[in-house]
Amino acid sequence: MDGNRRWATKHLLPRVAGHAVGVKNIKPIVKAAIDYGVQSVTLYAFSSENKGRAKDEVESLIDLIRKHLLPLSKEVLALSARVNFFGDISYFPDDVQQIIDGIYKEGEGLTKSVNIALNYSGRAEIIRAARLAAEDGELSESSFERHLYTAGTPELDMIIRTGGEKRLSNFLLYQAAYSELFFTDTLWPDFDKAELIGLFDEYSHRTRRFGTS
């Protein structure tokens, strides 16, 4: 979900205003995806690298997480989907961790999921999964994948990056091996259902070979 800060600059607003508008755009996009038939949606909300931004911006981002996680989880449950979290949650203040722990307990048994990546790093996830698999005494592809944050979620079919940048930026690096990539210049706060459905349509016309030809 890239482009919040540039959206704010474009509208002569402080950066935190861009993040706030970006948060509001999550619900309609998630609903559109689930209504379309998508079983699992992952949102890159806060990367491990984001911690290196200015202190006031980081604090504002954490405050947005604090205020909006629980209402968002209720909206996701209303769509018959559960909320998962990918990343090292121990970084966040105790009250935010408590909110996350409470959300984890809801929606058990639901097959659809909305996954929120918080303090997430694709490289760190790979190292963590390899370490845990080795500790289990079985370092194989299947044991490795059991220790990924994404264990139990469907294969990653497509990645959409808004905001015009054309790179993965440490997002689901292992899972992205054969994903279809889509890049749009639209800033996240301006990304809407019509553009999302258009990208789904483009995806449906791609031929996926998974390295076989």
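Structure shown above.
Just so it is clear, the structure is predicted and the values come from calculations on it, not from any experiment.

**Examining the overall build of the protein**
Check the secondary structure of the protein and you find eight helices and five strands. What you see for the protein is a C-alpha radius of gyration of 17 Å, in line with the 17 Å of a compact globule of 213 residues. The dimensions of the protein, computed from C-alpha atoms along their principal axes, are 55 × 45 × 35 Å. Counting every position in the protein, which comprises 213 residues, the buried fraction comes to 42%. Long-range pairs, those at least 24 residues apart, make up 71% of the contacts in the protein with a sequence separation of at least 6. On the protein, roughly 11,500 Å² of surface is accessible, and the fraction owed to carbon and sulfur atoms is 52%.

**Re the pattern of salt bridges**
Evaluation of the coordinates by the stated rule reveals 18 salt bridges. Close ionic contact of D95 with R66 constitutes a salt bridge, the shortest N to O distance being 2.6 Å. Of this pair, D95 sits in helix 5 (residues 94–104) while R66 sits in helix 4 (residues 55–78); the two residues are 29 residues apart in sequence, bridging distant segments of the chain. Looking at D95, the relative accessible area reads 33%, which means it is partly exposed. With relative accessibility at 27%, the residue R66 sits in the partly exposed group. One salt bridge connects R208 with D157, and the closest N-O pair in it is separated by 2.9 Å.

**Re the sheet that holds strand 3 (residues 112–120)**
Pairing within the open sheet is parallel, and its three strands lie in the order 1-3-2. In this open sheet, the two edge strands, each paired with only one partner strand, are strand 1 (40–47) and strand 2 (81–86). Sheet twist, expressed as the mean angle between neighbouring strand axes with direction ignored, is 20 degrees.

**Some details on the side chain of Q175**
Here Q175 shows up in the loop between strand 4 (158–161) and strand 5 (180–183). According to the relative accessible area criterion, Q175 is buried, its value standing at 12%. Within the structure, Q175 has its side chain in polar contact with the side chain of T150 (distance 2.9 Å). With sequence-adjacent residues up to four places away left out, Q175 is seen in contact with Y120, E125, L148, T150 and L156.

**Here's the deal with the packing of helix 2 (residues 15–24) against helix 3 (residues 26–36)**
Put simply, helix 2 and helix 3 touch, their axes get as near as 4 Å, and they point 30 degrees apart. Classified by the angle between their axes, helix 2 and helix 3 sit roughly parallel to one another. Here helix 2 contributes G22, V23 and K24 to the contact with helix 3, which in turn contributes I26, K27 and P28.

**Observations regarding the side chain of N115**
Mapped onto the secondary structure, N115 falls in strand 3. For N115, the side chain forms a polar contact with the side chain of N84, separated by 3.0 Å. Here S113 takes part through its side chain, which lies 3.3 Å from a polar atom of the side chain of N115. Ignoring sequence-local partners within four residues, the contact set of N115 consists of S40, V41, T42, L43, N84, F86 and T153.

Here is what the cut-offs are and how they apply
Residues numbered from 1 in each chain as written. Predicted model: local features only at pLDDT ≥ 70, side-chain atom pairs only at ≥ 80, totals over all residues. Heavy atoms only, no water. Helix = DSSP H or I, 4+ residues; strand = E, 2+ residues; numbered from the N terminus. Rg over C-alpha atoms; globule rule 2.2 N^0.38 Å. Buried < 20%, exposed > 50% of the residue type's maximum accessible area, 1.4 Å probe, protein only. Contact = heavy atoms within 4.5 Å. Areas by Shrake-Rupley, 256 points an atom, 1.4 Å probe, with all protein chains shown as cover. Salt bridge = Lys/Arg side-chain N within 4 Å of Asp/Glu carboxyl O. Pairing = 2+ DSSP bridges. Axes fitted to C-alpha atoms, helices over the stretch in contact; angles between N-to-C directions. Polar contact = N/O pair within 3.5 Å; in protein donor to acceptor, adjacent residues only side chain to side chain. Parallel < 35°, antiparallel > 145°, perpendicular 65-115°, else oblique.

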